[in-house]
Amino acid sequence: MSNFRFGRNTPKEIDDSITNITPLNTKNSRNSIWRQFEKFCGERKYVFDGNTSTEKLAFILKDWGYNMKKVDGNDYKEAVIKTMWNVTAKQLQELYFNKFGIKFDPFVDLEFKGSRNARDAKRRNLQIQPEKRKTSSSILTLEEYNKILKIYNEDTPDGLQKMFFYVAGLELAWRGCEGVNVTIKHFKEESDNCGLPTGRIEYNCIFSKTAQGGSHKLTDSKWLATNTTDPRICPVRLYKKMLSKRGKHITTDRLFLTPNPAWREPSSVGWFKNSPVGRNEMGKWTRTAAEEIGIDIKKKKISNHSLRSTAVSQLAKAGVGEEQLI
């Protein structure tokens, strides 16, 4: 037993841990945006050093917010403008604090109000153009949703995973890409004060979607509850069945795995391979299912995010207030 009550991690170990929680695709995206900002500043001959005033930095972000363009000279979609400006502003803020010890907050400071307004003005102008406007995923009617559930056979690897995905995705109001990152560590069977199972499973993905400014917010837990009315679509039962089909060869903690084509063979290692379902593959699930039940996906935008849109719609119809929905 250690003689120390508290941890002995060094500052470097702590910094490494902070770095490791950032997904690789997020790091790559930030680096890509910063490279584009550097090219923009190079063309404008903007210089970043300890003598550059915050007034000048505000002017640079104002110029960037309204004049950023794609490589081919066309405008980005309006939602991309917001993301790129926010990421750039956060990185610039970190650069000046870490390198020069200069503090400023482009998301709050009055000096940067014009910069934020330029970003928002550009977005409003782009919203007028249908091809540049962000299009929300359409909701599924309950009839359409139930038709999708009937497609799948839970006694097959692919069918079981997709059954749970559609049931849990609606119950937990998953965002479009949330399912692909879900791990078994995000789920925990709930027990009462006596240690007995309550029949609910707690879900907490640790960090919510990145907030404006780049800060992370610890999420509140959500729960999957036992469905006694229709056991076929009980998320608790389906989740436990998925766990029971994870063979001993599975070392990844990702929940959704690649089905094993030879799962029926006596010599098979099990239902699933030791590899997660790919992001692009999972991204097609709801759209493909919608097309299979007869939805015209050219007229109606269907994606995995449609499960979240549907959940919000159903909660609103049930009388849940706007603040609770948000």
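Up top is the structure these notes are about.
Described below are features of the structure shown in this document. (Residues numbered from 1 in each chain as written. Predicted model: local features only at pLDDT ≥ 70, side-chain atom pairs only at ≥ 80, totals over all residues. Heavy atoms only, no water.)

Thoughts on the overall build of the protein
When helices and strands are tallied, the protein shows 13 helices and five strands. A buried classification covers 36% of the 326 residues belonging to the protein. Expressed as a percentage of contacts within the protein between residues at least 6 apart in sequence, the contacts between residues at least 24 apart total 56%. Of the roughly 20000 Å² that the protein leaves accessible, carbon and sulfur atoms contribute 51%. The distance from the centre of the 56 positive side-chain charges to the centre of the 38 negative ones in the protein is 2 Å. (Helix = DSSP H or I, 4+ residues; strand = E, 2+ residues; numbered from the N terminus. Buried < 20%, exposed > 50% of the residue type's maximum accessible area, 1.4 Å probe, protein only. Contact = heavy atoms within 4.5 Å. Areas by Shrake-Rupley, 256 points an atom, 1.4 Å probe, with all protein chains shown as cover. Lys, Arg positive; Asp, Glu negative; His and termini not counted. Charge placed at Lys NZ, Arg CZ, Asp CG, Glu CD.)

Notes on the pairing of strand β2 (residues 197–203)
Relative to β2, strand β1 (residues 187–191) runs antiparallel, the two sharing four bridges. Bridging from a neighbouring strand, Phe187 pairs with Tyr203 of β2. Where β1 folds back on β2, the antiparallel hairpin that results is connected by five residues, among which Gly195 adopts a positive phi of roughly 85 degrees. (Pairing = 2+ DSSP bridges.)

Things to note about the layout of surface pockets
Of the pockets and cavities examined, the second largest pocket occupies roughly 290 Å³. Taken together, Gln36, Lys39, Phe40, Glu43, Arg44, Trp64, Asn67, Met68, Lys69, Lys70, Val71 and Tyr76 make up the full set of residues lining the second largest pocket. Counting residues per element, the ones that place at least two in the lining of the second largest pocket are α2 (24–44) and α3 (54–67). It is α2 that provides the largest number of residues to the lining of the second largest pocket, a total of five residues. Partitioned by chemical class, the residues of the lining of the second largest pocket number five nonpolar, two polar and five charged. (1 Å grid on protein atoms, 1.4 Å probe; cavity = no way out; pocket = protein on both sides within 12 Å on 5 of 7 lines; lining within 4 Å. Points joined across faces, edges and corners; volume = space filled by probe spheres on them. Nonpolar A, V, L, I, M, F, W, Y, C, P; charged D, E, K, R; others polar.)

Some details on helix α9 (residues 235–244)
Every buried residue of α9 is listed here: Pro235, Val236, Leu238, Tyr239, Lys241 and Met242. Check the buried side of α9 and you find it contacts α7 (157–171), β1, β2 and β3 (222–225).

A few points about the packing of α2 against α3
Here α2 crosses α3 at 110 degrees, and the two axes come no closer than 11 Å. By the angle between their axes, α2 is roughly perpendicular relative to α3. Handedness of the α2/α3 crossing: right-handed. Facing α2, whose interface residues are Gln36, Phe37, Phe40, Cys41 and Arg44, α3 presents Ile60, Asp63, Trp64 and Asn67. Here the residues of the contact of α2 with α3 are counted per class, giving five nonpolar, two polar and two charged. (Axes fitted to C-alpha atoms, helices over the stretch in contact; angles between N-to-C directions. Parallel < 35°, antiparallel > 145°, perpendicular 65-115°, else oblique. Left-handed = near helix turned anticlockwise from the far one by under 90°.)

Structural notes on the environment of Ala58
Within the secondary structure, Ala58 is located in helix α3. A relative accessible area of 6% places Ala58 in the buried class. Each residue touching Ala58, except ones within four places of it in the same chain, is listed here: Glu111, Phe112 and Ser115.

Focus: the sheet that holds β2
Sheet architecture is open: three strands sit in the order β1-β2-β3, paired in antiparallel fashion. This sheet does not close on itself; its edge strands, each paired only once, are β1 and β3. On average, each strand axis in the sheet is inclined to that of its neighbour by 35 degrees, with strand direction left out of account. Pairing of β2 with β3, which is carried by four bridges, proceeds in the antiparallel orientation. Bridge pairing in β3 places Ile201 opposite Leu224. Contacts from α9 reach β1, β2 and β3 within the one sheet, and its direction differs from that of β3 by about 90 degrees.

Here's the deal with the packing of aromatic side chains
For the structure on display, the rule yields 26 aromatic pairs. With centroids separated by 6.2 Å and ring planes inclined at 55 degrees, the aromatic side chains of Phe40 and Tyr46 adopt a geometry described as tilted. When sorted by exposure, Phe40 lands in the same class as Tyr46, which is buried. A network of ring pairs unites the aromatic residues Trp34, Phe37, Phe40, Tyr46, Phe48, Phe59, Trp64, Tyr96, Phe100, Phe104 and Phe112 as a single cluster. Looking at Arg119, its charged tip hangs above the ring of Trp85, at a distance of 4.7 Å from the centre. (Phe/Tyr/Trp six-rings, centres within 6.5 Å; stacked < 30°, edge-to-face > 60°. Lys NZ or Arg CZ within 6 Å of the ring centre and 35° of its normal.)

Topic: the side chain of Thr88
Relative to the helices and strands, Thr88 is located in helix α4 (residues 78–100). Contact partners of Thr88, with chain neighbours within four places excluded, come to Ile33, Trp34, Phe37, Leu61 and Trp64.

Brief notes about unusual backbone geometry
Phi at Lys45 is positive, roughly 65 degrees, even though this residue is not glycine. Assignment of secondary structure puts Lys45 in the loop between α2 and α3.

Regarding the nonpolar core
Counting residues in hydrophobic clusters, the biggest one holds 45 residues, and the most contacted among them are Phe164, Tyr166, Trp174, Phe187 and Phe256. Breaking this core down by element, the ones donating at least two residues are α6 (142–151), α7, β2, α9, α11 (285–292) and α12 (306–317). No other element matches the eight residues that α7 contributes to this core. Those residues in contact with Trp174 that lie beyond four places of it in its chain are Phe164, Phe165, Ala168, Gly169, Gly179, Val182, Phe187, Tyr203, Phe256, Asn304 and Arg308. (Core = buried A, V, L, I, M, F, W, Y, C linked by side-chain atoms within 4.5 Å.)

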